[in-house]
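Commentary on secondary and tertiary structure
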Amino acid sequence: MITDSSAARRARLAGMTASAAAMVVLVSACGGTGGGSASAPKNFSYLSVTENTTVKTALGTLSKGQCKSANDALPLKVETVPQASLDQKLQLLAGQNALPVQFAAGNAPALTQQLAKSGQVADLEAKLKDLGVYDQLEPAAVSTIKALYGGKVEVLPYEYNIEGIFYNKKIFTANGLSVPGTWDELVSAAAKLEAKGIQPFAASGQQGWPLTRLISGYLYRSLGPDALKDVADGKAKLTDPQYVKAAEEISALGKKGYFGKGVGSIDYDTAMNEFLSGKAGMLYMGSWALANIADAKQNTVGADNVGFMPFPAVSGGKGAIDQYPSNVGLGITLGAKSFDKKTGAWVSCITKNYGSTALKDQGTISGFKVNTEVDNANEVTGQVRDTISSSKQNVLWFEALFSTKATTISQSNAAGLVNGSLSPQKFMQTVQDALSGK
């Protein structure tokens, strides 16, 4: 089961968008011409990060079960490095033309895309189609991967998270509240909870991203799924009135006290505890929180009392309520030249069986289809699974296409936006300046 700290790491990872950009080396100039060695691999070597045990545990299970024949032909061999050292390790191996068969992609898409351009990453869409297993990827996961990796499938979705608002069913029922379908209804529900002495939202101002993702949620609903791509492409600026409007709406929630007192000092684990102990009615979070929700020691309100809803619609907006912010955690890819018949057998088996194995054994949701019947840990887990299966188009998050500098500035100033020390105009101007290199 994922611990609070592990879930926080996953959440932070989801907000890392360009942290590897400054470290990217031109691997093609290092003598490497393709991923892995020219000879056939002797092992199904997998380079993972120390902090994430989910994937290697599931692969170990598969190697002894459904994928035993693939493992007999090409034995699984796992190596781990601290996540902070991953990018450097990948660059070193790429320069030596020694990337493993399968490896955790860089901490941001930039490094993986660079490796792909130098011929070191397999064309996974083509490989999976050749193997006849491309349909084993959830369409929503494919949409997310392509949005992150320039329209290409460069990683496999061993993790897949969608984001939305978890809410306390018992609190909603006791206060006569229905699930809000629009932004105005959400604000109204928050006002009613505040009037009853119940904190409407739990959020971490210390991390910042739980607040900035409310901004992007409003932007996607009001301006449509290309709202932040337009900023990245220079077609719009965060200082444009319709963008500032989103920051104004989130700032207003803070001014009304809807995030409680001292939100700037609240960390991830504390915010999670506020919701799971019934002190707050709602929590914007990703589906990685399902592990926390299923843990009876953490969740004293009970998993049956937790529901999930999409970010609500904005009246007159261009976005759709079924467009969910999503991420694939730390993507995992495969080397180009080490992708032979034996590797293909492993990959084929993984795509058909990983989704079921990870869900059954660890309660985690991936971007692979679940092909065997697995009982959901609780109703909200089933709700999220159904949502992922039915979702066809997903969006990213506020900082997904930002530079490292802009990401840091955005998240470190989010608390000031909601506690009133920074105006919405100033917040958006500060982030836009960082994006513009000022």
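Above this note sits the structure.
Residues numbered from 1 in each chain as written. Predicted model: local features only at pLDDT ≥ 70, side-chain atom pairs only at ≥ 80, totals over all residues. Heavy atoms only, no water.

1. A few points about the state of the cysteines
Taken as a whole and assessed by the stated rule, the structure comprises one disulfide. The disulfide bridge from Cys67 ends at Cys349, spanning 2.0 Å between sulfur atoms. Here the disulfide of Cys67 and Cys349 is left-handed, its torsion about the S-S bond being about -95°. Residue Cys67 is located in the loop between helix 2 (54–64) and helix 3 (68–73), and its partner Cys349 is located in helix 15 (residues 341–362); the two are separated by 282 residues in the primary sequence. Cys349 matches Cys67 in its accessibility class, with the two residues each being buried. (Disulfide = S-S within 2.5 Å. Helix = DSSP H or I, 4+ residues; strand = E, 2+ residues; numbered from the N terminus. Buried < 20%, exposed > 50% of the residue type's maximum accessible area, 1.4 Å probe, protein only.)

2. Details of the packing of helix 10 (residues 209–223) against helix 12 (residues 241–255)
Running from N to C, helix 10 and helix 12 point in directions that differ by 130°, and their axes come no closer than 9 Å. On the basis of their axis angle, the class for helix 10 and helix 12 is oblique. The two elements helix 10 and helix 12 meet at a crossing, and its hand is right-handed. From helix 10, Leu211, Leu214, Ile215, Tyr218, Leu219 and Leu223 reach across to helix 12, where they touch Gln242, Tyr243, Lys245, Ala246, Ala247, Glu249 and Ile250. Counted by class, the contact of helix 10 with helix 12 contains 10 nonpolar, one polar and two charged residues. (Axes fitted to C-alpha atoms, helices over the stretch in contact; angles between N-to-C directions. Parallel < 35°, antiparallel > 145°, perpendicular 65-115°, else oblique. Left-handed = near helix turned anticlockwise from the far one by under 90°. Contact = heavy atoms within 4.5 Å. Nonpolar A, V, L, I, M, F, W, Y, C, P; charged D, E, K, R; others polar.)

3. Comments concerning the sheet that holds strand 9 (residues 332–334)
The sheet built from four strands is open, its strands ordered 2-1-3-9 with mixed pairing. Sheet topology places strand 2 (76–81) and strand 9 at the edges, where each strand pairs with a single neighbour. The mean inter-strand angle of the sheet, taken between neighbouring strand axes irrespective of direction, is 20°. Against the sheet, helix 4 (residues 86–95) contacts strand 1 (44–49), strand 2 and strand 3 (102–104), and its axis sits at roughly 150° relative to strand 1. Contacts from helix 15 reach strand 1, strand 2, strand 3 and strand 9 within the one sheet, and its direction differs from that of strand 1 by about 55°. (Pairing = 2+ DSSP bridges.)

4. Digging into the pattern of salt bridges
This structure, assessed with the given rule, holds eight salt bridges. Residue Lys129 pairs with Glu125 through a salt bridge whose shortest N-O separation is 2.9 Å. Here Lys129 pairs with Glu125, and both are found in helix 6 (residues 124–131), just four residues apart, close to one helical turn. For Lys129, a relative accessible area of 48% gives the class partly exposed. The class for Glu125 is buried, based on a relative accessible area of 17%. Here the salt bridges share partners, and the residues they tie into one network are Glu125, Lys129 and Lys146. (Salt bridge = Lys/Arg side-chain N within 4 Å of Asp/Glu carboxyl O.)

5. Focus on the packing of helix 2 against helix 15
Their axes nearest at 9 Å, the elements helix 2 and helix 15 cross at an angle of 115°. In terms of axis orientation, helix 2 runs roughly perpendicular to helix 15. As helix 2 runs across helix 15, the sense of the crossing is right-handed. Where helix 2 approaches helix 15, its residues Thr54, Val55, Thr57, Ala58, Leu59, Thr61, Leu62 and Ser63 are matched on the opposing element by Trp346, Ile350, Asn353, Tyr354, Thr357, Asp361 and Gln362. Its residues assigned to classes, the contact of helix 2 with helix 15 comprises seven nonpolar, seven polar and one charged.

6. Quick notes on unusual backbone geometry
A positive phi angle is found at Asn97, which is not glycine, with a value near 55°. Taking relative accessible area as the criterion, Asn97 reaches 23% and is therefore assigned partly exposed.

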